[in-house]
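# Coordinates in review
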Amino acid sequence: PQHPDTPIELKRTNRKKTIAFRVANNRIKIMAPKRLALYRIQQLLHKRSEWIGQQLEYQASLPEELPRQYAAGEKVRYLGRQYRIYLNTSTGHHRAVQLKNGRLIVALPGKKQSSEGIHSALGKWYQQRAEQRLPELVAQISEEIGVDYGDIQIRHFKSRWGSCRADGRLQF
């Protein structure tokens, strides 16, 4: 390939019907059907080499992203804005997250006031907000574009924002 120093990770799967190229963390990840011949994968990799080079350059130009600490004072995003995490101690075993006066207040029992506890509480809060907001937004967009849909599910995906299944089920 055009990028000899860039590691390439090839994953073959029965679930995939098309090939996908992804550039992340200074490596090229390829998801390909098991039935696709290696020479064909190499041809497609060569065909996409200009795009891959552009992605590598773009990602190299980005500032290094520090891993989240999930600690008091750290900023997190919600609906396009940043909010600082404020930590409160809750009584009993109750966890709560509130967006109040421009602050994201995370209330956790004393023993749960850890990075993992904050991460877990925020994850549940984000999911609850999505379950509240998405049905209305999906209904509005569905009406605008004239497409029906089935159930709406909120799930955790590693690398995608959502999908639409053949039965009309939307997963975010």
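To be clear, the structure that these remarks concern was listed above.
The notes below deal with the structure included here.

### A closer look at the pairing of strand E4 (residues 75–78)
Of the two faces of E4, only the one carrying Val76 and Tyr78 is buried; Lys75 and Arg77 on the other face are not. Sheet analysis places E4 next to strand E5 (residues 81–89), joined by four bridges and oriented antiparallel. Looking at the pairing, Arg77 lines up with Gln82 of E5. Between the antiparallel neighbours E4 and E5 lie two residues, among them Leu79 with a positive phi of about 50 degrees.

### Focus on the side chain of Thr6
Considering the arrangement of structural elements, one finds Thr6 in the segment before strand E1 (8–13). Overall, the relative accessible area of 11% leaves Thr6 in the buried class. Here Thr6 is in contact with Asn26, Arg27, Ile28 and Leu56, once residues within four sequence places are set aside.

### So, the side chain of Glu74
As for its placement among the helices and strands, Glu74 is situated in the loop between helix H2 (49–61) and E4. The residues touching Glu74, leaving out its near neighbours within four places in the chain, are Arg68, Gln69, Tyr83, Arg84 and Ile85.

### Thoughts on helix H1 (residues 38–47)
Note: α-helices contain 3.6 residues per turn, so residues at a spacing of three or four share the same orientation. Turning to H1, its buried residues are Ile41, Leu44 and Leu45. For H1, the angular spread of buried residues about the axis comes to 105 degrees, placing them on one side. Among the exposed residues of H1, those oriented more than 90 degrees off its buried face are Tyr39, Gln42, His46 and Lys47.

About the thresholds
Residues numbered from 1 in each chain as written. Predicted model: local features only at pLDDT ≥ 70, side-chain atom pairs only at ≥ 80, totals over all residues. Heavy atoms only, no water. Buried < 20%, exposed > 50% of the residue type's maximum accessible area, 1.4 Å probe, protein only. Helix = DSSP H or I, 4+ residues; strand = E, 2+ residues; numbered from the N terminus. Pairing = 2+ DSSP bridges. Contact = heavy atoms within 4.5 Å. Arc of directions from axis to C-beta.

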